[in-house]
Amino acid sequence: MNPKPEYRRVLLKLSGEALVGDEGFGIDPKVLDRMATEIKELVELGVQVGIVIGGGNIFRGAGLAKAGMNRVVGDHMGMLATTMNGLAMRDALHRAYVNARLMSAIELSGVCDTYNWAEAISLLKEGKVVIFAAGTGNPFFTTDSAACLRGIEIEADAVLKATKVDGVYTDDPATNPDAVLLNKLTYQEVLEKELKVMDLAAFTLARDHSLPIRVFNMNKAGALKNVIMGEAEGTLIDHAENLSETN
Ligand SMILES: Nc1ncnc2c1ncn2[C@@H]1O[C@H](COP(=O)(O)OP(=O)(O)O)[C@@H](O)[C@H]1O
Ligand SMILES: O=c1ccn([C@@H]2O[C@H](COP(=O)(O)OP(=O)(O)O)[C@@H](O)[C@H]2O)c(=O)[nH]1
């Protein structure tokens, strides 16, 4: 038997904090290499992979603003932090013999490519992994918003949000041991129950453009592949009519 992937093209959102691993700050090369190996498996299955990478392991604009810095400057630093993570991820993919390109929403001549929608799509069609860095290129946004924006632009079948827990729960599993993992949710249910999935700007963008969101645990070995193969893994968020068609 040779099961086919559920998705043809995906937008994988990796948070900056997921890269910290055992290092406490910055990037743990072991985590990066493990992620590269898991992404390689997807490419080998013929899945087209776009990646939006966060920067929270280095700088967050909101945190810098709290410490007294101008928010716009802080957000510029946060976006440059995502580009540093992107450089590290591209390097890890290249070392794993995966063809990958890095496109930044902020021009960084000589360091990486600048985001170009048509070029990104043609690279994806060639089977190259495209890493989108510098978020949306604008302050006051998050990389979750960038993930949904790029996901819609490249016509991804879903945005796959990698997180530290197994999916979306009835409550924060970090503070409530009775929280229950939810396998499927409608956009409406997430809003009504005020479940923490993404910031509202990102979430409503996905909803308004019918981009399904899959939340899963990147620290769980094989979870990403399970998601790709359409197995019950993590939480799927979509419109009610689409959810009833899935198992
Ligand atoms: N209902 C919920 N379901 C799942 N996680 C939740 C929920 N409410 C709060 N959380 C917390 O949200 C965290 C993940 O948030 P996320 O935005 O993915 O963080 P980051 O992108 O910085 O990794 C989890 O570690 C979890 O403790
Ligand atoms: O479109 C964007 C995306 C990100 N950022 C800045 O980059 C930081 C890092 O991104 P994020 O916090 O989303 O990273 P993650 O939580 O995924 O690690 C944010 O805090 C913002 O300061 C921004 O200004 N505009």
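Treat the numbers as computed from the prediction; the structure is a model and nothing was measured. (Residues numbered from 1 in each chain as written. Chains lettered and ligands numbered in written order. Predicted model: local features only at pLDDT ≥ 70, side-chain atom pairs only at ≥ 80, totals over all residues.)

A.B. asks: Got a sec to walk through the site of ligand 2? Specific residues and values, please.
C.D. replies: Not every one of the 24 residues close to ligand 2 is listed here, only the nearest: Gly54, Gly56, Gly61, Gly78 and Gly135. Of all the secondary-structure elements, those providing two or more residues to the shell around ligand 2 are α2 (61-66), α3 (71-95) and α5 (143-153). With 6 residues, α3 is the single largest residue contributor to the shell around ligand 2. Here the residues of the shell around ligand 2 are counted per class, giving 6 nonpolar, 15 polar and 3 charged. (Near = placed C-beta within 6 Å. Helix = DSSP H or I, 4+ residues; strand = E, 2+ residues; numbered from the N terminus. Nonpolar A, V, L, I, M, F, W, Y, C, P; charged D, E, K, R; others polar.)

A.B. asks: Help me get a handle on α3, residues and values and all.
C.D. replies: With 25 residues, α3 should reach 36 Å at 1.5 Å per residue; the first-to-last C-alpha distance of 36 Å fits that figure. In the stretch just after α3, tyrosine 97 is the one whose phi turns positive, near 65°. (Expected span 1.5 Å × (residues − 1).)

A.B. asks: Could you give an account of the pairing of strand β5 (residues 129-133), naming the residues involved and the relevant values?
C.D. replies: With 5 of 5 residues buried, β5 is to be regarded as a mostly interior element. For strand β2 (residues 48-53) and β5, the ladder comprises 3 bridges, and the chain directions are parallel. Looking at the pairing, glycine 50 lines up with valine 130 of β5. (Buried ≥ 20, exposed ≤ 12 C-beta atoms within 10 Å, placed from the backbone. Pairing = 2+ DSSP bridges.)

A.B. asks: For the site of ligand 1, give the residues involved together with the corresponding values.
C.D. replies: Among the 14 residues in the neighbourhood of ligand 1, the closest are listed as Ser15, Thr163, Asp172, Ala174 and Lys196. Of the residues assigned to the shell around ligand 1, the class counts are 6 nonpolar, 3 polar and 5 charged.

A.B. asks: Just give me the short version of the UniProt feature "domain: Aspartate/glutamate/uridylate kinase" (unreviewed entry) in the chain, but keep the residues and values in it.
C.D. replies: Mapped onto this structure's residue numbering, the UniProt feature "domain: Aspartate/glutamate/uridylate kinase" (unreviewed entry) falls at residues 9-217. From the first C-alpha to the last, residues 9-217 spans 19 Å; its make-up is 39% helix and 20% strand. (UniProt positions renumbered as here; feature names shortened; annotations may be inferred.)

A.B. asks: Please set out the sheet that holds strand β4 (residues 113-114) residue by residue, giving values where relevant.
C.D. replies: Read across the open sheet, the 9 strands follow the order β4-β3-β5-β2-β1-β6-β10-β11-β9; overall the sheet is mixed. Single-partner strands in this sheet number two, and they are β4 and β9 (184-186). Along the sheet face, helix α4 (residues 117-125) touches β1 (9-14), β2, β3 (100-104) and β5 and points at about 150° away from the line of β5. (Contact = placed C-beta atoms within 7 Å. Axes fitted to C-alpha atoms, helices over the stretch in contact; angles between N-to-C directions.)

A.B. asks: Go over unusual backbone geometry with me, naming the residues and quoting the values.
C.D. replies: In this model, alanine 134 sits at a positive phi of 65°, which is unusual for a non-glycine residue. With respect to the secondary-structure elements, alanine 134 resides in the loop between β5 and α5. Unlike most non-glycine residues, serine 210 shows phi in positive territory, near 50°.

A.B. asks: Could you give me a rundown of the packing of helix α1 (residues 29-44) against α3, with the residues and numbers involved?
C.D. replies: At a minimum axis separation of 9 Å, α1 and α3 run at an interaxial angle of 60°. Considering the angle they form, α1 stands oblique to α3. When you trace α1 past α3, the crossing you get is right-handed. Contact residues: Leu32, Asp33, Ala36 and Ile39 in α1; Ala88, Met89, Ala92 and Leu93 in α3. Taken together, the residues of the contact of α1 with α3 break down into 7 nonpolar, no polar and 1 charged. (Parallel < 35°, antiparallel > 145°, perpendicular 65-115°, else oblique. Left-handed = near helix turned anticlockwise from the far one by under 90°.)

A.B. asks: Explain the UniProt feature "binding site: ATP" (unreviewed entry) in the chain residue by residue, including any values.
C.D. replies: According to UniProt, the positions carrying the feature "binding site: ATP" (unreviewed entry) are Lys13, Leu14, Ser15, Gly16, Gly56, Arg60, Thr163, Tyr169 and Asp172. Annotated residues spanning 160 residues; largest pairwise C-alpha distance 25.4 Å, indicating distribution over more than one region. Here leucine 14 is to be found in strand β1. In this structure, leucine 14 is in contact with Met35, Ile51, Ile53, Gly54, Ala162 and Met218, ignoring residues within four places of it in sequence. Relative to the elements of secondary structure, aspartate 172 occurs in the loop between β7 (168-169) and β8 (181-182).

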